[in-house]
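In case you want the letters, here they are:
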Amino acid sequence: MLDLLFLVFMFPLAGFVILAFARGRLQETPAAIVGVGSIGLSALLTLLIGYEFLSTPLEDHAYTQLLWTWMSVDGFAPQFALRLDGLSLVMLGVINGVGFFIHLFASWYMRGDDSYDRFFSYMNLFVASMLFLVLGDNLLFLYFGWEGVGLSSYLLIGFWYKDPANGAAARKAFIVTRVGDTFMAVGLFILYHELGTLNIQDLMMLAPQQWAVGSDIATIAALLLLGGAVGKSAQLPLQTWLPDAMAGPTPVSALIHAATMVTAGVYLIARTHVLFELSPFALNCVGWVGAITLLMAGFTALTQTDIKRVLAYSTMSQIGYMFLALGAGAWGAAVFHLMTHAFFKALLFLSAGSVILALHHEQDIFKMGGLRKQIPFTFWVFLIGSLALIATPGTSGFASKDEILWLAWAGGHHDLFYAGLAGAFMTALYTFRLIFIAFFGQSHGHEVHVPHGLDHSLPLAVLAVFAVLGGLIPLPLESVLPHPHIASEDGKHALEAISVLVSAAGVAVAWFFFHKNRALAEKLARGNLISDALCRLWSSAWGFDWLYDRIFVRPYLWFIRVNGHDFVESFVAAVPVAFQRLHAAAAQSQNGRTRWYAVSMVAGAILMIAMVLL
Amino acid sequence: MIGVPLDHAMILCGILFSLGLLGLMLRRTLIFMLMSLEIMLNSTAVAFVAAGSRWLQPDGQIMFVLILTLAAAEVTVGLALVLQIHQRFKTLDVEVLSQMKG
Amino acid sequence: MSPHDPAILIWLIAIPFAGGLFCWLFERTLGIAFPRWVALFTMLSVLGLSCWLWATGDYSLSGIGAEPKWALEYRAPWIDRFGISFHLGLDGLSLLLIVLTNILGVMAVACSWKEIGRYVGFFHLNLLWNLAGVVAVFLALDMFLFFFFWEMMLVPMWFLIAIWGHDTPGGKSRTYAATKFFIFTQASGLLLLLAILGLAFAHHSSTGTWSFDYEDLLKTPMSAGLEYLLMLGFFVAFMVKMPVVPFHTWLPDAHSQAPTAGSVDLAGILLKTAAYGLMRFGLPFFPNASADFAPIAMWLGAVGIVYGAFMTFAQTDVKRLVAYSSISHMGFVLIGIYAGTELALQGAVVTMIAHGISAGALFILCGEVYERLHTRDIRKMGGLWSTFPYLPPILLFFMMAALGLPGLGNFVGEFLVLLGTFKVDLMVTLVAASGLILAAVYALYMIQRVLHGVSKSEVQAEDLNRREITMLVTLMILLLALGLYPQPVLDASAAPMRALAALYSAGATP
């Protein structure tokens, strides 16, 4: 059974090829069958393989399948080899499981679109690349998937290509992540140069042998990998692309920009955790990047008006939690939160998609209102997702987030813990702001078209169940990721109580300001200069776009504008000009006057005679 | 051997050459310029003859014949060109005839 | 030695020559379809011949190194007095480039099928002679012969641009571009000739015999100063051809005015002759001076990558755009050659081939777009995605190759170059790696402006026909194969590149 592992990505890949060559000739239903079915088969196979993997004791707790050797030059021989272990199995489950339901939902969401089959071809390509990323046995293969998901993300963000704004968002996403990817590539160079291999297992074995803890080279390598991770996972300072990426169809946001691709950075760091353990500084950076992003994104989410952008900043902030967990050395908790986050954030995005379609592509939450009664099913699943997001006890989000906070506290990372706690408050605040504004209050007289159909409701229902119960899934991570040693469980319950209280306080504040007394919130926001400036700063996501525009984009465009005609060309053009000048000067002597020639001849002769004589 | 001293012959040559040169530089008509050229050629030819008789060598006279031939050929071509130019431009003034300006 | 008759090497050159002649001679009597078929058949047969050589030969020997060993070698006396002979040799490196030349040759013939309507026979004569000249450059082992063929590539190219090229409305004319191309390469050719003569003189003064033969000249003892000087002569000549910033300005002009086949030929093949020249001659003749010079050359390459990428972004003419991106990509080749590690050198070889295929395909696509929209101005395009079903995804594919997407050939090459350069020069690697970002910037911007957005032109044009799709899909498959399993290529060039790397490390540590 395990040797069928390669089929897991072959199904989506085949789906991509079929749909790509169909080029619009396929009707919606067959296209949906191919697009969704390929992921379904993959998900089934994942289940079977997962069962087999967990029930058979394997040497090393991992199964490796060699496809072929990519290239072999001078000892550099990266292989196309798949490695299945506890971590990749979890990722496999998330990608194929959540991915399948999102595909199913998408088959409803995208109905009526001109490029139905093109959409599913890109989605299948994405799933295949993501599977490469998590199954890759060496960093180069991982990089292959890494860039592949970047490409699919680009294609899907710009899916509705006729609007140049979507194209710009897609470009931004690709280029910003490419910056991170390039850091990562340099990291790969260092690792290969120092350790002589890119095979992940070998690297993880060699690195502690050759590098001392805290050595510079380990820090540099780890920081460069972190560069790749922050690019993909939209963390500070490469976070600016994620909100714009919401230009893509909503299922895309759910699959790529919430559940799977953006968590690739977390996966990468967890995968190479040995390296980060060698460099306390880099690990600290991971934690602080997470903590700062978590808070900044929380503030920004508070001021957004677009339902998808609120969720995008929320995603950024939740990934911040995962980075925080990684920084605290709680590898397992980070991956756990990755999984539960995939459940509830996919649910939130899909139900947001349901809202958006119900309102005929209205995304502004201030134009919604009172939707609770009009689309009750969507409201309830959205509420379940939100409750999981704010870590209400009994939901999956509670299980994972409290694990993170507890491990951060117990591991002695108190500052990270406080940041996480503040983040929990922010999360509750912005989430329930969204709910109170969009689902409660006065209806704005929107014509509401109630979504229905099994392909709409089933994914939402299933994901809602997972969002609640997902925390009970045991993860087979012990063999891959070390568990931090915690002396005692004392105070865990007290901590849980505190964090629940903090979240509840957030909900209460949201209720007060955005439901009970919204005018007061308006007054506070517009009240004086400071709050006005703060609001503007937050709603522009702390001005990072502005800053990057000034530092990178404008100078680039300035250079292009100044040098549009290639200054080297003017040197080259100077050569013929110089020759023409020379010619003009020489032509002066050819004036056509015979007597002048005679005189100059005589003068020349006299000059020569004089030179000879003297 | 009694004859004209070489110095005198050379002075004559120099005077003739200078006259030719001045004519070439000062005259504006093509015909006169050609004639000046002939004078210059002949002055050198005289110099050759004088020198040949001074050193009792036949080379000077050989050179004279050579120059004579050359002058004849030159005049032939030159006069033909002058005729053509006169026909086409109705003038022989070199100041006007400056079509060869580069 | 492989079991083949060495005279096959002559056939590789002679068949296209003869085919070209046929095209021209019988155009009048047999109609304009005749030259096309003859040219296609000719190129297919030499392609088959070279592939057969690849499949059946043994390329574990290296033609680079102190004692070159050839898989196939042919030698006939020519001008004995000066030690000039008709000396051809084939090793893995030249084989790869010859196969590339012939593949792109077939594509060049196929893509001119509809485009060329005037003097069809003479066109194919020039095209095939140019290709034959390139193949001969890859085979020649006598410096005199090499120079002969080096110059012979140019004249047909001049005709191709000057007769069948395009005049930019209100801009530069095709004769301007052709002449610029010719003067640049001719001037650099003069330097090459001087350097070759200098080398021959040096050889004569130390041994007393005249020789232009590769293997004799390899062992020429020289003073360090002379070696450096001659090395510069070779380097500058190849640098102009490659082209390296700041000697690149002929390339965009030549490309933008050339017919499609000319551009395919120029970008795909002619640029590679320079890199080949450096690998085959520039480095082995002057290993010590080259090792001294390597940092400068690598920086030139890095500057070329960044500058080329910047300029690519600024272009509004699609063909100029692809031309500038070629400059950027050839920077990787230059870095790879001068980094001198086996990884980097192998990367340079893969980059050459992958760039040949991808740039060739991009120029074919530019030609197809021009045939349909009658403009090459990006500002007048837009929204092609909704106009054509097949052209846009194919264009997307090749632009992705240009930006170095893993899984396609360019990535393998560029990654190997950077990986191999890393231990030689950190800063160069970092600057060159920034080219990966800049490539994404220009490639995506170009896609946005050409394919996305709302369609600007009202032209209802036919999509790609079967001939065009066959061509482009073939190139796509080749590029994908090179990206996923480059081992056959790497194996073929392994021996020469290993020898070159060894020579390099010997030169760097005297």
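The structure presented is a predicted model; accordingly, all values stated were derived computationally and were not measured.

Parameters at a glance
- Residues numbered from 1 in each chain as written.
- Chains lettered and ligands numbered in written order.
- Predicted model: local features only at pLDDT ≥ 70, side-chain atom pairs only at ≥ 80, totals over all residues.
- Helix = DSSP H or I, 4+ residues; strand = E, 2+ residues; numbered from the N terminus.
- Contact = placed C-beta atoms within 7 Å.
- Rg over C-alpha atoms; globule rule 2.2 N^0.38 Å.
- Buried ≥ 20, exposed ≤ 12 C-beta atoms within 10 Å, placed from the backbone.
- Core = buried A, V, L, I, M, F, W, Y, C linked by C-beta atoms within 7 Å.
- Nonpolar A, V, L, I, M, F, W, Y, C, P; charged D, E, K, R; others polar.
- Pairing = 2+ DSSP bridges.
- pLDDT = per-residue confidence, 0-100.
- Axes fitted to C-alpha atoms, helices over the stretch in contact; angles between N-to-C directions.
- Parallel < 35°, antiparallel > 145°, perpendicular 65-115°, else oblique.
- Left-handed = near helix turned anticlockwise from the far one by under 90°.
- Expected span 1.5 Å × (residues − 1).

1. Description of the overall build of chain A
- Along its length, chain A carries 26 helices and two strands.
- With respect to the three principal axes, the spread of C-alpha positions in chain A is 115 × 65 × 55 Å.
- A fraction of 81% describes how many contacts in chain A between residues 6 or more apart in sequence connect residues 24 or more apart.

2. Some points on the overall build of chain B
- Along chain B, the regular secondary structure elements total three helices and zero strands.
- The linear arrangement of helices and strands in chain B, starting from the amino end, is α-α-α.
- For chain B, the C-alpha radius of gyration of 17 Å lies well beyond 13 Å, the compact-globule estimate for 102 residues.
- Viewed in the frame of its principal axes, chain B has a C-alpha envelope of about 55 × 25 × 25 Å.
- The 102 residues of chain B split such that 12% are buried.
- A fraction of 46% describes how many contacts in chain B between residues 6 or more apart in sequence connect residues 24 or more apart.

3. Remarks on the nonpolar core
- Judged by nonpolar contacts, the single largest core of 426 residues is most densely connected at L324, A325, A334, V335, A346 and L347 of chain A together with M107 of chain C.
- Beyond its immediate chain neighbours, meaning those up to four positions away, L324 of chain A contacts G287, G290, A291, L294, I404, A408, L416, A419 and G420 of chain A.
- Of all hydrophobic cores here, the second largest spans seven residues; its members include L21, L24, M33 and V94 of chain B.

4. So, the interface of chain A and chain B
- Of the residues lining the interface, ten residues belong to chain A; the matching set on chain B comes to eleven residues.
- Of the residues contributing to the side of chain A that touches chain B, the split by class is four nonpolar, four polar and two charged.

5. Things to note about the pairing of strand 2 (residues 79-84) of chain A
Residue and element names in this part refer to chain A.
- Counting buried residues along strand 2, five of its six residues qualify, which places the element largely inside the surrounding structure.
- Of the strand pairs in this sheet, strand 1 (residues 63-69) and strand 2 are connected by six bridges, and their pairing is antiparallel. Across the sheet, the residue bridging to W68 is F80, located in strand 2.

6. Observations regarding the confidence of the model for chain B
- The share of residues in chain B with pLDDT of 70 or more is 94%, and the mean pLDDT across the chain is 87.
- Interface confidence in the predicted complex, given as ipTM, is 0.89; pTM for the same model is 0.88.

7. With respect to the arrangement of the chains
- Contacts are most numerous between chains A and C, taken over all two pairs of chains that touch.
- At their nearest point, the C-alpha atoms of chain B and chain C are still 25 Å apart, with no contact between the two.

8. Here we look at the packing of helix 1 (residues 5-22) of chain A against helix 2 (residues 28-55) of chain A
Residues and elements named next belong to chain A.
- Between helix 1 and helix 2, the least distance of the axes is 8 Å, while the angle of their chain directions is 175 degrees. Relative to helix 2, the element helix 1 lies roughly antiparallel. Contacts from L5, L7, V8, F11, P12, A14, G15, I18, L19 and A22 of helix 1 reach helix 2 at A31, V34, G35, S38, I39, L41, S42, L45, T46 and I49.
- Taken together, the residues of the contact of helix 1 with helix 2 break down into 15 nonpolar, five polar and no charged.

9. Considering unusual backbone geometry
- Here the amide bond leading from L236 of chain A into P237 of chain A is cis, since omega sits at 0 degrees, within 30 degrees of zero.
- Looking at where P237 of chain A falls in the secondary structure, it is placed in the loop between helix 8 (216-232) and helix 9 (241-244).
- Put simply, M242 of chain C and P243 of chain C share a cis peptide bond, and its omega is -10 degrees.
- Along the chain, P243 of chain C falls in the loop between helix 10 (224-241) and helix 11 (250-257).
- The phi dihedral of A234 of chain A falls on the positive side, at around 55 degrees, and the residue is not glycine.
- With respect to the helices, strands and loops of the structure, A234 of chain A is situated in the loop between helix 8 and helix 9.

10. Considering the packing of helix 3 (residues 33-56) of chain C against helix 5 (residues 120-139) of chain C
Residue and element names in this part refer to chain C.
- Interaxial distance between helix 3 and helix 5 falls to 9 Å at its minimum, and their mutual angle equals 15 degrees. Judged by the angle between their axes, helix 3 and helix 5 are roughly parallel. Judged by the twist between their axes, the crossing of helix 3 over helix 5 is right-handed. Residues P35, R36, A39 and T42 of helix 3 form the contact with helix 5, whose own contacting residues are V120, G121, H124, L127 and L128.
- Here the contact of helix 3 with helix 5 is composed, by residue class, of five nonpolar, three polar and one charged.

11. Section: the interface of chain A and chain C
- Listed as interface residues are 35 residues of chain A and, on the opposing side, 41 residues of chain C.
- When residues of the side of chain A that touches chain C are traced back to their parent elements, those giving at least two are helix 5 (139-157), helix 6 (164-195), helix 24 (544-562) and helix 25 (567-589) of chain A.
- Ranked by the residues each element gives to the side of chain A that touches chain C, the list is headed by helix 6 of chain A, at 13 residues.
- For the side of chain A that touches chain C, the class distribution of residues is 20 nonpolar, seven polar and eight charged.

12. Considering the environment of F440 of chain A
- You can see F440 of chain A is positioned in the loop between helix 19 (414-439) and helix 20 (454-469).
- When neighbours within four sequence positions are excluded, F440 of chain A is seen to be in contact with G370, R372 and H515 of chain A.

13. Some points on helix 14 (residues 318-339) of chain C
Residues and elements named next belong to chain C.
- For helix 14, which comprises 22 residues, the first-to-last C-alpha distance of 32 Å matches the rise-based estimate of 32 Å (1.5 Å per residue) to within 8%.
- Here helix 14 lies mainly inside the structure; 22 of its 22 residues are buried.
- Just past helix 14, the residue G340 takes up positive phi, approximately 75 degrees.

14. As for helix 18 (residues 409-422) of chain C
- Relative to the 20 Å expected for 14 residues at 1.5 Å per residue, helix 18 of chain C spans 20 Å between its end C-alpha atoms, a close match to the ideal helical length.
- The buried fraction of helix 18 of chain C is high, at 14 of 14 residues.

15. Some words on the environment of N96 of chain A
All names here are of chain A.
- Tracing the sequence through the fold places N96 in helix 3 (residues 86-109).
- Judged by the 28 C-beta atoms lying within 10 Å of it, N96 is buried.
- Remark: the alpha-carbon pair of N96 and I404, spanning 308 residues in sequence, is separated by 25 Å.
- Setting aside its immediate chain neighbours within four residues, N96 contacts I39, S42, A43 and T46.

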